[in-house]
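Single-letter residue listing:
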Amino acid sequence: AACGNSDTGDKPADDGKLTLGFSQVGAESGWRTANTNSIKESATAAGIELKFDDAQGKQENQITAIRNYIQQKVDVIAFSPVVESGWDTVLKEAKDAGIPVILTDRSVDSADKSLYKTFIGSDFVKEGKLSGEWLVNETKSATGTVNIVELQGTTGSAPANDRKKGFAEAIAANPNLKVIASQTGDFTRAGGKAVMEQFLKANPKIDVLFAHNDDMGLGALEAITAAGKVPGKDIKIITIDAVKDGMQALADGKFNFIAECSPLLGPQLMDLVKKVSKGETIPQRIETEEGTFTPEQAKAALPTRKY
Ligand code: AHR
């Protein structure tokens, strides 16, 4: 049973059920909450015993949780790595213990791909690219410089690295598009608000905000409104995720474009847990399907949006 944030205690007597040890990044965003719910609900539905640990944004907590799962001899370990690097040692420990590891949502930069069975999640570079391509099209008739500010996700995380890269590649198509400031807001509303306040103070002319997730965009909305500017008009806003609150802001015309990142990875993960524990071969990479939203599309999608 769960105890506080984690239930990494001793493994109960074997009841024949598969046991999955899952280390979650934290609870930094609406996306993350939806992802946690998806994992918990689908473990129950699949009859898999879930040991869940919330790392509160700290890599060392994730490493401790993984080591606990190894000690408890769980059948499979899955985790969403907070940052990309620094996982080789603990992944090797899991491999030596004969416990298969599945990466969900975020990947690691380990050169040795045999350290994990598969990586299931989005193509973050593509999300950044789609965001940049929308802007290139939107500003194709602009004559002067278009000043962009960027709110990056957690420093060192795969989505922050990749979304920045994809966006930069796409906007290179128009030399008028200039990123004048780029800083981390750690994927949180509070972070987005605080950094946007600094951006607004330091830069009299901001035309566009690219936020690496909805939550930072939502925090930035408050800063923009407080500065007497109209979000979505004076400053165009592009975000990533498409959680309900973000979609509502888009439908209301406060955001202008969202590239989707789906948190609903639970059902696919449970399926893979069953397969790897039977020793079945699974693909090394499983990419999540996702789209993009304009305000009109957000209006249409909102009534049936699940998260
Ligand atoms: O790894 C996925 C990212 O992490 C989501 O885009 C963001 O909202 C979350 O915190």
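Scope of this entry: the structure provided in the associated data block. Here the structure is a predicted model, which is why all the values come from computation and not from measurement. (Residues numbered from 1 in each chain as written. Predicted model: local features only at pLDDT ≥ 70, side-chain atom pairs only at ≥ 80, totals over all residues. Heavy atoms only, no water.)

## Quick word on unusual backbone geometry
Right, so step 1: The backbone of lysine 73 shows a phi angle near 55°, a positive value even though the residue is not glycine.
Right, so step 2: Within the fold, lysine 73 resides in the loop between helix H2 (59-71) and strand E3 (76-79).
Right, so step 3: Residue classification places lysine 73 among the exposed positions, given a relative accessible area of 61%.
Right, so step 4: For alanine 242, which is not glycine, the phi dihedral falls at a positive 75°.
Right, so step 5: Within the secondary structure, alanine 242 sits in the loop between strand E9 (236-241) and helix H8 (244-251).
Right, so step 6: What makes alanine 242 buried here is its relative accessible area of 0%. (Helix = DSSP H or I, 4+ residues; strand = E, 2+ residues; numbered from the N terminus. Buried < 20%, exposed > 50% of the residue type's maximum accessible area, 1.4 Å probe, protein only.)

## Quick look at the site of the ligand
Right, so step 1: Residues in close proximity to the ligand include Glu28, Ser29, Trp31, Arg32, Asp105, Arg106, Phe124, Pro159, Arg163, Phe187, Asn213 and Asp241, which together make up its full environment.
Right, so step 2: A distance of 3.0 Å separates an oxygen atom of the ligand from a polar side-chain atom of arginine 32.
Right, so step 3: Within the contact set of the ligand, an oxygen atom lies 2.9 Å away from a side-chain nitrogen or oxygen of arginine 163.
Right, so step 4: Here the ligand has 280 Å² of accessible area as a free molecule, and 100% of this is covered by the chains.
Right, so step 5: Among the cavities detected, the one that contains the ligand is the largest cavity. (Near = heavy atom within 4 Å. Polar contact = N/O pair within 3.5 Å; in protein donor to acceptor, adjacent residues only side chain to side chain. Areas by Shrake-Rupley, 256 points an atom, 1.4 Å probe, with all protein chains shown as cover. 1 Å grid on protein atoms, 1.4 Å probe; cavity = no way out; pocket = protein on both sides within 12 Å on 5 of 7 lines; lining within 4 Å. Sits in = over half its atoms within 2 Å of the grid points.)

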